Amino acid sequence: MTIFRADKNFERFEDVTPSLLKKENVKLLLCDLDNTLRLHSEKEPADELQEWIKDCHAAGVKVVIISNNGRKKMMQKFCEPINVPCVWWAKKPMSKKLTEAMDKYKTPPEYTVMLGDKWSTDVLAAKFAGVRAWKVEHRRSVV
Ligand SMILES: [Mg+2]
């Protein structure tokens with residue numbers, strides 16, 4: 001069923017380059033947090049994440065983290081230094097928080113992408129919201 005299939009697959013978030021975002025007309029990039037942008041255990045944004053966010057911003061792409069993680073304080077502390085708004089307890093695959101972000105940042109679905117590691121939450125939420133679903137592999141530590 002196509003509803004379970006991501007529109008694009010990547011190994012890691014770093015593979016979603018600013019030039020690809022431009023080419024694909026992405027203005028709003030909604031991102032899952034755990035195992036997408038960080039390992040579950042990471043307390044602070046990794047250098048590669050900070051660089052990537054900067055590059056996205058420089059390319060004119062708004063990045064918003066939409067997570068099912070309910071730890072509000074932890075998420076705020078993580079997201080503040082990288083200048084990215086975050087939504088916690090998003091209850092994906094429900095699409096309400098994705099739609100709210102599109103409203104808030106005045107971006108229609110055709111310019112929006114949801115990036116995440118799980119089809120049962122991230123991919124489905126994207127489909128329900130009518131935006132493209134881009135999937136990354138579960139994040140692993142690079143040793
Ligand atoms: Mg995840």
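Here goes a summary of the coordinates provided.

What counts, and at which threshold
- Residues numbered from 1 in each chain as written.
- Predicted model: local features only at pLDDT ≥ 70, side-chain atom pairs only at ≥ 80, totals over all residues.
- Helix = DSSP H or I, 4+ residues; strand = E, 2+ residues; numbered from the N terminus.
- Rg over C-alpha atoms; globule rule 2.2 N^0.38 Å.
- Buried ≥ 20, exposed ≤ 12 C-beta atoms within 10 Å, placed from the backbone.
- Contact = placed C-beta atoms within 7 Å.
- Pairing = 2+ DSSP bridges.
- Right-handed = clockwise from strand over helix to strand, strands pointing away.
- Core = buried A, V, L, I, M, F, W, Y, C linked by C-beta atoms within 7 Å.

### Concerning the overall build of the protein chain
Broken down by element type, the protein chain carries 5 helices and 6 strands. When the elements of the protein chain are put in sequence order from the N terminus, they spell out β-α-β-α-β-α-β-α-β-α-β. Scaling as 2.2 N^0.38, a compact globule of 143 residues should have a C-alpha radius of gyration of about 15 Å, and the protein chain matches this with 14 Å. When the backbone C-alpha atoms are referred to their principal axes, the protein chain occupies close to 35 × 30 × 30 Å. Out of the 143 residues in the protein chain, the part that is buried amounts to 36%. Partitioning the contacts of the protein chain with sequence separation of at least 6, the portion at a separation of at least 24 is 63%.

### Structural notes on helix α5 (residues 119-129)
The buried count for α5 comes to 8 of 11 residues, which makes it a mostly enclosed element. Of the positions making up α5, those classed as buried are Thr121, Asp122, Val123, Leu124, Ala125, Ala126, Lys127 and Ala129. For α5, the secondary structure elements touched by its buried residues are α4 (96-104), β5 (112-116) and β6 (132-136). Looking at the residues trailing α5, positive phi occurs at glycine 130, about 75 degrees.

### A word on the sheet that holds β5
With parallel pairing, the 6 strands of this open sheet are ordered in space as β1-β6-β5-β2-β3-β4. Edge positions in the sheet fall to β1 (8-10) and β4 (86-87), since each has one partner strand and no second.

### What about the pairing of strand β3 (residues 62-66)?
Most of β3 sits out of view: 5 of its 5 residues are buried. Note that strand β2 (residues 28-31) and β3 share 4 bridges and pair parallel. Residue pairing for β3: leucine 30 is matched across the bridge by valine 64. Crossover connection from β2 via helix α2 (residues 47-58) to parallel β3: handedness right-handed.

### Brief notes about the nonpolar core
The biggest cluster of nonpolar side chains holds 37 residues, and the ones touching the most others in it are Leu30 and Leu115. Contacts of leucine 30, omitting those with residues within four sequence positions, involve Val64, Ile66, Leu98, Ala101, Thr112, Val113, Met114 and Leu115.

### Remarks on unusual backbone geometry
Of note, the amide linkage connecting lysine 92 to proline 93 takes the cis form, showing an omega dihedral of 20 degrees. In this structure, proline 93 sits in the loop between β4 and α4. One non-glycine residue, asparagine 35, lies in the positive phi region at around 70 degrees.

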